[in-house]
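# Results of the structural survey
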Amino acid sequence: MTASWTSAVRALVAATLLVATAALMFVTVNTAWAAGALAIGKCGSYGQAYDFPSTRAASRSALRKCEGKSCRVVTTTRHGCAAFAVDGTRPCRAHGWGKGARLGVAENAALRACYKGGGRNCMIRTFYCDARG
């Protein structure tokens with residue numbers, strides 16, 4: 001091998017290691033911030049927060065975003081999803097929420113809870129999935 005060929009191979013190996021390290025750091029940082037919270041209040045009001053470093057921080061943020069004094073955190077997640085459903089024709093009455101490892105599970109649970117609560121035209125009002133959900 002020539003000196004220029006050896007230098008090119010070393011440069012390629014160094015670049016590959018640099019990219020792999022950067023990708024690993026991104027995944028580590030991204031998944032560490034995988035806490036979420038869902039707060040609900042009266043008449044379809046809600047607040048949500050996701051990709052926070054802790055469920056406590058996510059809960060505080062979700063409560064700040066929810067309008068009204070009746071707001072409360074109904075669920076928190078760590079590497080998962082949550083959804084909130086309301087009756088589209090009567091948002092001040094029937095509602096439901098759910099959580100799960102994947103979005104479909106959370107949405108189905110929210111819709112089931114809304115219909116179980118007397119809803120007739122339930123629809124997903126909001127949802128979130130954190131960094132791993």
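Now for a quick tour of the structure. Here the structure is a predicted model, which means the values were calculated and not measured.

About the thresholds
- Residues numbered from 1 in each chain as written.
- Predicted model: local features only at pLDDT ≥ 70, side-chain atom pairs only at ≥ 80, totals over all residues.
- Heavy atoms only, no water.
- Buried < 20%, exposed > 50% of the residue type's maximum accessible area, 1.4 Å probe, protein only.
- Helix = DSSP H or I, 4+ residues; strand = E, 2+ residues; numbered from the N terminus.
- Pairing = 2+ DSSP bridges.
- Phe/Tyr/Trp six-rings, centres within 6.5 Å; stacked < 30°, edge-to-face > 60°.
- Disulfide = S-S within 2.5 Å.
- Core = buried A, V, L, I, M, F, W, Y, C linked by side-chain atoms within 4.5 Å.
- Contact = heavy atoms within 4.5 Å.
- Axes fitted to C-alpha atoms, helices over the stretch in contact; angles between N-to-C directions.

Here we come to the pairing of strand S5 (residues 95–100). Side chains Gly-96, Gly-98 and Gly-100 project from S5 onto a buried face, and the interleaved His-95, Trp-97 and Lys-99 project onto a face without burial. Pairing analysis gives six bridges linking strand S4 (residues 81–87) to S5, with the strands arranged antiparallel. Looking at S5, one finds that Phe-84 is bridged to Trp-97.

Under the counting rule described, the total for this entry stands at two aromatic pairs. Aromatic pair Tyr-46 and Phe-84: ring centres 6.4 Å apart, planes at 55 degrees, arrangement tilted. Within this pair, whereas Tyr-46 is found in strand S2 (residues 46–52), its partner Phe-84 is found in strand S4, the two being separated by 38 residues in sequence.

Of all the seven residues making up S4, seven are buried; the element is thus mostly covered by neighbouring parts of the structure. Because side chains alternate across S4, one face comprises the buried residues Cys-81, Ala-83, Ala-85 and Asp-87, and the other comprises Ala-82, Phe-84 and Val-86, equally buried. The sheet contact formed by S4 and strand S6 (residues 122–129) spans seven bridges and is antiparallel. What sits directly across from Cys-81, in S6, is Cys-129.

As enumerated under the stated definition, the model contains four disulfides in all. With a sulfur-sulfur separation of 2.1 Å, Cys-114 is cross-linked through a disulfide to Cys-122. Disulfide Cys-114 to Cys-122: torsion about the S-S bond roughly -80 degrees, handedness left-handed. Exposure class is identical for Cys-114 and Cys-122. Each is buried. Of note for the protein: the bonded cysteines, numbered N- to C-terminal, pair according to 1-5, 2-3, 4-8, 6-7.

To continue, consider the nonpolar core. Within the largest apolar cluster, eight residues are counted, these being Cys-81, Ala-83, Ala-85, Ala-94, Ala-106, Ala-110, Cys-114 and Cys-122. Secondary structure elements with two or more residues in this core: S4 and helix H3 (103–116). In this view, Cys-122 contacts Val-86, Asp-87, Leu-111, Cys-114 and Tyr-115; residues no more than four positions away in its chain are not counted.

The antiparallel open sheet is built from three strands, whose spatial order is S2-S1-S3. Of all strands in the sheet, those with a lone pairing partner are S2 and strand S3 (72–78), marking the two edges. For this sheet the average axis-to-axis angle between neighbouring strands, irrespective of direction, equals 10 degrees. Of the strand pairs in this sheet, strand S1 (residues 35–40) and S3 are connected by six bridges, and their pairing is antiparallel. Of the residues in S3, the one forming a bridge with Gly-36 is Thr-77. Against the sheet, helix H2 (residues 55–65) engages S1, S2 and S3, with an angle of about 150 degrees to S2.

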